[in-house]
Amino acid sequence: MNNEALKIRDLEVVWHPCTQMKDHEVFPLIPIKKAQGVYLEDFEGNRYIDAVSSWWVNLFGHANPYINQKIKEQLESLEHVILAGFTHEGVVRLSERLVALTPKYLDKCFYADNGSSAIEVALKMSYHAHLNDGKRKELFVSLTNSYHGETIGALSVGDVQLYKETYEPLLIRSIQTPVPKDATKEAALEAALVFEELCAQKAQEISAIILEPLVQGAGGMHMYHAEFLVQVRSICDRYAIHMIADEVMVGFGRTGKLFGCEHAKISPDFMVLSKGLTGGYLPLSVVLTSNAIYDKFYCDYSEYKAFLHSHSYTGNALACAAANATLDIFENESIIEKNLLKAAYMEQKLEKFKTLPNVKEVRRCGMICAVELSGYMPSERIGMQVYLYGLKHGVLLRPLGHVVYFMPPYIITHEEIDVMMDTAFDAIVSLVRA
Ligand SMILES: Cc1ncc(COP(=O)(O)O)c(C=O)c1O
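What counts and what doesn't
- All residue numbers refer to positions counted from 1 along the written sequence of the respective chain.
- In keeping with the predicted nature of the model, local features appear solely for residues at pLDDT of at least 70, side-chain atom pairs appear and are counted solely at 80 or more, and the whole-chain, interface and lining totals rest on all residues.
- Side-chain figures throughout are based on the complete set of non-hydrogen atoms in the structure, without hydrogens or water.
- If a single non-hydrogen atom of a residue is within 4 Å of a molecule or strand, that residue counts as near it.
- Nitrogen and oxygen atoms within 3.5 Å of one another constitute a polar contact, given that in protein one can donate a hydrogen and the other can accept it, and given that sequence-neighbouring residues count only through two side-chain atoms.
- Here the open area of atoms and residues is found with the Shrake-Rupley method and a 1.4 Å probe, where only the protein chains shown may cover a residue.
- Each residue is assigned to one class: nonpolar for Ala, Val, Leu, Ile, Met, Phe, Trp, Tyr, Cys and Pro, charged for Asp, Glu, Lys and Arg, and polar for all the others, Gly among them.
- Note on definitions: angles span 0 to 180 degrees between N-to-C directions of axes, and those axes are lines fitted to C-alpha atoms, for helices only across the stretch in contact.
- Only DSSP runs of H or I with at least four residues qualify as helices, and only runs of E with at least two residues qualify as strands; both kinds are numbered from the N terminus onward.
- The scheme is simple: roughly parallel for angles under 35 degrees, roughly antiparallel for over 145, roughly perpendicular for 65 to 115, oblique for anything else.
- Note on convention: the crossing is left-handed when the near helix lies turned anticlockwise from the far helix by less than a right angle, right-handed when the turn is clockwise.
- The contact rule is simple, with two residues in contact once any of their heavy atoms fall within 4.5 Å.
- Any two of the Phe, Tyr and Trp rings considered here, Trp counted by its six-membered ring, make a pair once their centres fall within 6.5 Å; the pair's planes then place it as stacked at under 30 degrees, edge-to-face at over 60, or tilted in between.
- Note on classification: 1.4 Å probe, protein chains only; a residue is buried when its accessible area is under 20% of the maximum for its type, exposed when over 50%, partly exposed between these limits.
- When DSSP finds two or more bridges between a pair of strands, those strands are recorded as paired.
- Buriedness for pockets is judged along seven lines, at least five of which must meet protein on both sides within 12 Å for an open set on the 1 Å grid over protein atoms alone, while cavities are sets there where a 1.4 Å probe fits but cannot get out, and lining residues have an atom within 4 Å of a point.
- Grid points are joined across faces, edges and corners, and a volume is the space filled by probe spheres set on the points.
- In this analysis, a patch consists of residues with relative accessible area above 30% that form no salt bridge, clustered at 9 Å for like charges and at 5 Å for the nonpolar side chains Val, Leu, Ile, Met, Phe, Trp and Tyr.
- One side-chain nitrogen of Lys or Arg within 4 Å of one carboxyl oxygen of Asp or Glu is enough to make a salt bridge.

Turning our attention to the site of the ligand. Lining the immediate surroundings of the ligand are Trp-56, Asn-114, Gly-115, Ser-116, Tyr-147, His-148, Gly-149, Glu-212, Asp-246, Val-248, Met-249 and Lys-275. Within the side chain of Ser-116, a nitrogen or oxygen atom sits 2.6 Å from an oxygen atom of the ligand. Protein contact buries 83% of the 390 Å² of open area that the ligand shows by itself. In terms of residue class, the shell around the ligand is built from four nonpolar, five polar and three charged.

Right under this line is the structure:
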């Protein structure tokens, strides 16, 4: 097998996500033969540093020996079993650990198999919990510039204009309240006031507010102050509205703490986790909620209040083994503490980007860094130019529009950070107009 042959076979039969397939007439598709650590390798031995952790999922590198071993061990005893009416040790252990690690009052785990499905679970659970209380609340609030996935419910609460316009007739009701405009406390307080005014008018209709704590990922790594979460929690309490923390992207250490909500010392009513949950190995997601919510569904069968949701692969045993192995690594290797040093090093390296005329702002939150470019039209596809430059120089960068970002696996070394960020720097320099 070689790169060319696999590309041809692929384009005959595979329809890729998030892709205008015609682009592949001119832009290369990269066939990957194997991966190790932060490196992806093609069939000709070209290597690429995975600066985006393969869509923000990979935490401890590709082919991590410990996670590999744990999945192999699991494979010997149980690959999968229906989770309705049956259970297995891996899912029980994982749930016990997640309940212990997440903020208080998150007592029960409901599993799905990707971020978007878990968002659907959280939205339905919120709506249904109110319904079981005799209240019909059909409206969801989310933040401007938010992204929560691409199934119909998740898409409905996101704020990506093109997606919303295209699928508008299919969507459920949602309304957006402004995200804090920057990372200052003032901006957080200002945005919280607007949310409070909305609640004062519409609390009777609002089931929940859903938000990405601290960093809006797909919305260009937009960052805001933890005070906003504190305020939202308090407003939700006063108006009997649920708070859904979508930690699909920020969870598992990306923001510098294990979970984003920890920065604000708050407990949401629902916490949604996926991506890093299995260290980037297998699809798995989970919604954690309180016993108070759980109890609203707990009654005699004939009352018909049970939660109505299931997926065939709910709580898959191999995925749970990968998730337990991931938590072992967090536990045994002081990852959060070690990341502080790597994050500080990346912050230092961000400095030189500030000197470039086409850089509007640099931002960092934990292990997430972003460089926002300015002065370009969307039609120039500046992100694509940075992507192509990166590939030519051995780094997988995948800018979000005009925002170049770094979200590498945590095992990245200082030397690899140098290559990753210096390559992005050179790419941005190459775009400065004469
Ligand atoms: C914050 C957030 N929520 C939900 C999702 C959807 O997850 P998935 O792509 O696994 O459906 C994403 C994906 O990027 C995300 O960033």
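Moving on: the packing of helix H13 (residues 382–392) against helix H14 (residues 414–430). It is at 9 Å that the axes of H13 and H14 come closest, and there the two elements cross at 130°. Regarding the angle of H13 to H14, the classification is oblique. As H13 packs across H14, the resulting crossing turns out to be right-handed. Contacts from Val-386, Tyr-389 and Gly-390 of H13 reach H14 at Thr-423, Asp-426, Ala-427 and Ser-430.

Time to look at the packing of aromatic side chains. In this description, a pair of aromatic rings is defined by centroid distance and the angle of the planes. Counted according to the given criterion, the structure contains 13 aromatic pairs. Taking the centre distance of 5.8 Å and the plane angle of 35° together, the rings of Tyr-294 and Tyr-298 count as tilted. For Tyr-294, a relative accessible area of 34% puts it in the partly exposed group. Assessed through its relative accessible area of 60%, Tyr-298 is described here as exposed. A centroid spacing of 5.8 Å and a plane angle of 80° characterise the contact between Phe-297 and Phe-307, whose relative ring orientation is edge-to-face.

Along strand E16 (residues 403–406), one buried face is formed by Val-403 and Tyr-405 and the opposite face, lined by Val-404 and Phe-406, is buried too. Pairing analysis gives four bridges linking strand E14 (residues 368–373) to E16, with the strands arranged antiparallel. Considered in E16, the bridge of Ala-370 is made with Tyr-405.

By volume, the second largest pocket is sized at about 840 Å³. Every residue lining the second largest pocket is counted, 26 residues in all, and those nearest its centre are Leu-83, Cys-109, Phe-110, Tyr-294 and Phe-307. Broken down by secondary-structure element, the contributors of at least two residues to the lining of the second largest pocket are helix H4 (89–101), strand E4 (108–112) and helix H10 (291–297). Considered class by class, the residues forming the lining of the second largest pocket number 16 nonpolar, seven polar and three charged.

With that settled, consider the packing of helix H12 (residues 335–350) against H14. Put simply, H12 and H14 touch, their axes get as near as 11 Å, and they point 30° apart. In the packing of H12 onto H14, the handedness of the crossing is right-handed. Residues Leu-341, Lys-342, Tyr-345, Met-346, Lys-349 and Leu-350 of H12 touch H14, and the partners they reach there are His-414, Ile-417, Asp-418, Met-420, Met-421 and Asp-422.

Moving on: the pairing of strand E3 (residues 47–50). Two faces belong to every sheet, and in a regular strand the side chains alternate between them. Alignment of strand E2 (residues 39–41) against E3, held across three bridges, turns out to be antiparallel. What sits directly across from Tyr-39, in E3, is Ile-49. Joining the antiparallel neighbours E2 and E3 is a turn of five residues, in which Gly-45 adopts a positive phi near 85°. Across two bridges, the pairing between E3 and strand E15 (residues 395–396) is parallel. When the bridges of E15 are listed, Asp-50 appears paired with Leu-396.

In spatial order, the strands read E13-E14-E16; together these three strands make up an open sheet with antiparallel pairing. Strands with a single pairing partner mark the edges of an open sheet, and in this sheet they are strand E13 (359–365) and E16. On average, each strand axis in the sheet is tilted by 15° relative to the strand beside it, whichever way the strands run. Along the sheet face, H12 touches E13 and E14 and points at about 170° away from the line of E13.

Further remarks concern the environment of Tyr-376. As for its position among the elements, Tyr-376 is in the loop between E14 and H13. Accessibility expressed as a relative area gives 18% for Tyr-376, which makes it buried. Here the alpha-carbon distance between Tyr-376 and Arg-254, two residues 122 residues apart in the chain, equals 29 Å. Here Asn-358 takes part through its side chain, which lies 2.9 Å from a polar atom of the side chain of Tyr-376.

Residues Ile-152, Tyr-167 and Leu-170 make up a contiguous nonpolar surface patch of roughly 280 Å² in combined accessible area. Relative to the elements of secondary structure, Ile-152 occurs in helix H6 (residues 152–157).

Attention now goes to the side chain of Gln-74. Structurally, Gln-74 is set in helix H3 (residues 65–77). A distance of 2.8 Å separates a polar side-chain atom of Gln-74 from the backbone oxygen of Leu-78. The contact partners of Gln-74, leaving out residues within four places of it in the chain, are Ala-317, Leu-318 and Ala-321.

So, on to the environment of Ala-188. Position of Ala-188 among the secondary structure elements: in helix H8 (residues 185–202). Given a relative accessible area of 0%, Ala-188 falls into the buried group. Setting aside its immediate chain neighbours within four residues, Ala-188 contacts Pro-180, His-225, Glu-227 and Phe-228.

Moving on: the sheet that holds E3. Pairing is mixed across the open sheet formed by four strands, whose spatial order is E1-E2-E3-E15. Both edges of this open sheet fall to strand E1 (34–36) and E15, since each of them pairs with a single strand only.

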